[in-house]
Amino acid sequence: MERRTAQWAGAESGDGPGGTGENDRWDAEPSWERRLRHRDVAAVAEVRAALRQMLAAWGEPGRAGIAELLASELVTNALVHTDGPAVVTARLTGGGPSPATKGRLRVEVRDLVPRHPTLRVRIPDCDPTAEATSGRGLLLVHSLADAWGVQAHGVGKAVWFELDAQEP
């Protein structure tokens, strides 16, 4: 697992579309940010849809789908396993002249709980929880992301992953 220091872009104030109190932001350099209410698991689908729209012309076939999967895992973890709201940010950086070669995607999910998530590397066959339907999200992130990590901040953490537009 590659761990690097995450750069966190602080949330801007103001209401997003529809006056819901959520913040959706699109800039010239493709990026998106959204505030998530505690335990609002319906927001997972909304984050996936926004990321799908942002990445419509980005990367090799399948890369945007991987990004959606990994983002939904991190968002779900933040909403289910913490006691407060979260903020998700997606940003494209670097790359070539067309969106399809647009360098690297970085997705961060910031929450207010300082406890770092635990990667379950292996679940023994004799383990009674081997049939569990949860606990494998970070294993997916670890397996599919080009880089990922956890960065502590004053009152919580940011869990992030990065994907290149083209598979390494």
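Residues numbered from 1 in each chain as written. Predicted model: local features only at pLDDT ≥ 70, side-chain atom pairs only at ≥ 80, totals over all residues. Heavy atoms only, no water.

As for the packing of helix α2 (residues 63-80) against helix α3 (residues 137-144)
Packed helices, taken two at a time, are described by their axes: the angle between them and the distance between them. Packing of α2 against α3 brings their axes to within 9 Å, and their N-to-C directions diverge by 145°. In terms of crossing hand, the pair formed by α2 and α3 is left-handed. For the pair α2 and α3, the contacting residues are Ile66, Leu69, Leu70, Glu73, Leu74 and Asn77 in the first and Gly137, Leu138, Leu140, Val141 and Leu144 in the second. Residue composition of the contact of α2 with α3, grouped by class: eight nonpolar, two polar and one charged. (Axes fitted to C-alpha atoms, helices over the stretch in contact; angles between N-to-C directions. Helix = DSSP H or I, 4+ residues; strand = E, 2+ residues; numbered from the N terminus. Left-handed = near helix turned anticlockwise from the far one by under 90°. Contact = heavy atoms within 4.5 Å. Nonpolar A, V, L, I, M, F, W, Y, C, P; charged D, E, K, R; others polar.)

Some points on the packing of aromatic side chains
Using the criterion set out here, one finds zero aromatic pairs in the structure. Above the plane of the ring of Trp160 lies Arg106, whose end atom (NZ or CZ) is 4.3 Å from the centre. (Phe/Tyr/Trp six-rings, centres within 6.5 Å; stacked < 30°, edge-to-face > 60°. Lys NZ or Arg CZ within 6 Å of the ring centre and 35° of its normal.)

Here's the deal with unusual backbone geometry
Residues other than glycine seldom take positive phi values, yet Arg39 does so here, at roughly 60°. Counting through the fold element by element, Arg39 comes out in the loop between β1 (31-36) and α1 (42-54).

Notes on the environment of Thr89
Among the structural elements, Thr89 can be located in strand β2 (residues 86-93). Remark: the alpha-carbon pair of Thr89 and Val109, spanning 20 residues in sequence, is separated by 6.5 Å. At 3.3 Å, the side chain of Thr89 forms a polar contact with the side chain of Glu33. (Polar contact = N/O pair within 3.5 Å; in protein donor to acceptor, adjacent residues only side chain to side chain.)

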